[in-house]
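What follows is the residue order along each chain.
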Amino acid sequence: DALAEARAGLAVSEERFDLAMQGSNDGLWDWDVATDTVYFSPRWKAMLGYEENEISPHEREWTERLHPSDQEKTLAAIDEHLAGKTPFYEDIHRVLHKDGRWRWHHERGIAVRNQQGEVYRMVGTNTDITERKLAESKLYNEKERAQVTLNSIGDAVITTDEGGIVTFLNPIAEKLTGWSS
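Residues numbered from 1 in each chain as written. Predicted model: local features only at pLDDT ≥ 70, side-chain atom pairs only at ≥ 80, totals over all residues. Heavy atoms only, no water.

Novice: Break down the pattern of salt bridges for me, citing the residues and quoting the values.
Specialist: Overall, the coordinates contain 12 salt bridges when judged by the stated rule. Here E54 makes a salt bridge to K98, at a shortest N to O gap of 2.6 Å. Within this pair, whereas E54 is found in the loop between α2 (42-47) and α3 (60-63), its partner K98 is found in the loop between β3 (89-96) and β4 (102-113), the two being separated by 44 residues in sequence. Look at E54 and you get partly exposed, because its relative accessible area is 33%. Under the relative-accessibility criterion, K98 is labelled partly exposed at 43%. (Salt bridge = Lys/Arg side-chain N within 4 Å of Asp/Glu carboxyl O. Helix = DSSP H or I, 4+ residues; strand = E, 2+ residues; numbered from the N terminus. Buried < 20%, exposed > 50% of the residue type's maximum accessible area, 1.4 Å probe, protein only.)

Written out as C-alpha cells, the structure reads:
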C-alpha cells in the first residue's frame, strides 16, 4: 500500500511539473557536470528550431550557439554561480536559431551540490524573450527620435507628470524659464 501510495504521489508530482513546464513555455536543461552532458527538453530544442534528434546531449550544443559578444558575460555569470558567489544563475543573452537568426533568451539555473559542497549538477530554464527585446528596442528608438525632435523645434516644450512636476524641458524652454533640465 505504501509503495502504491508513493507511486501515485510521484505521478501527481510529475504531472504537475510537466503541466507547469508546458504552461511556462520555457525550455528545460539539466547539466551533468561530471560527464559534461546536458539533457535539453524538446521545448528547448524547438525554441531554436530543432527537432528532438537534431541536438546531441553535449554542453557544446549550447556554448557553440551563444552569440560571440555574449559569451564572456554569460560564462562568467555561470562561473560566479558555480563558485558560490550568487544564489542562482541568471543571464540574458542571444542564442543562434537553426534559421541563422539570433534569439534573445532569459536563462535561469541553479547548481546542485553534494555534501562536500561540490557542484555535480546544474538545472535551469530558458525563456525566449526576443519579441520583448525587439519591442524595447523599437520603443527606445522612438523615444530617441522624439527627443531629437523636441530638442530641435523652436518652441518651448515643458512636460509635467500628473502632479504638475516638471519632467522635461527642451533647450528653448530652458532658455525662456532659466531652469535647467
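Once you've had a look at it, read on.
Novice: Which residues make up the sheet that holds strand β2 (residues 37-40), and what values do they have?
Specialist: Ordered in space as β2-β1-β5-β4-β3, the 5 strands form an open sheet in which the pairing is antiparallel. The open sheet has two edge strands with one neighbour each: β2 and β3. Within the sheet, the average angular offset between the axes of one strand and its neighbour, ignoring direction, is 25°. Relative to strand β5 (residues 119-128), strand β1 (residues 27-32) is paired through 6 bridges, and the arrangement is antiparallel. Bridge pairing links W29 to G124 in β5. (Pairing = 2+ DSSP bridges. Axes fitted to C-alpha atoms, helices over the stretch in contact; angles between N-to-C directions.)

Novice: Lay out the nonpolar core with the relevant residues and their values.
Specialist: By size, the foremost hydrophobic cluster in this structure holds 15 residues, and its most contacted members are W29, F40, W44, W62 and Y89. For this core, the secondary-structure elements that each account for two or more residues are β1, β2, α4 (68-82) and β3. When sequence neighbours within four positions are dropped, the list of residues in contact with W62 reads F40, W44, T74, L75, I78, Y89, H93 and E107. (Core = buried A, V, L, I, M, F, W, Y, C linked by side-chain atoms within 4.5 Å. Contact = heavy atoms within 4.5 Å.)

Novice: Residues and numbers for the pairing of β2, please.
Specialist: A one-sided burial pattern is seen for β2, the buried positions being V38 and F40 and the unburied ones T37 and Y39. In the sheet, β1 pairs with β2 via 4 bridges, with the strands oriented antiparallel. Bridge pairing in β2 links D30 to Y39. As consecutive antiparallel partners, β1 and β2 are separated by 4 residues, and within that stretch D36 has a phi angle of approximately 60°, a positive value.

Novice: Report on the side chain of N170, specifying residues and quantitative values.
Specialist: In this structure, N170 sits in the loop between β7 (166-169) and α6 (171-177). Taking relative accessible area as the criterion, N170 reaches 0% and is therefore assigned buried. Within polar-contact distance, the side chain of N170 engages the backbone oxygen of D155 at 2.9 Å. Every residue in contact with N170, bar those within four places of it in the chain, is listed here: L150, N151, I153, D155, A156 and V157. (Polar contact = N/O pair within 3.5 Å; in protein donor to acceptor, adjacent residues only side chain to side chain.)

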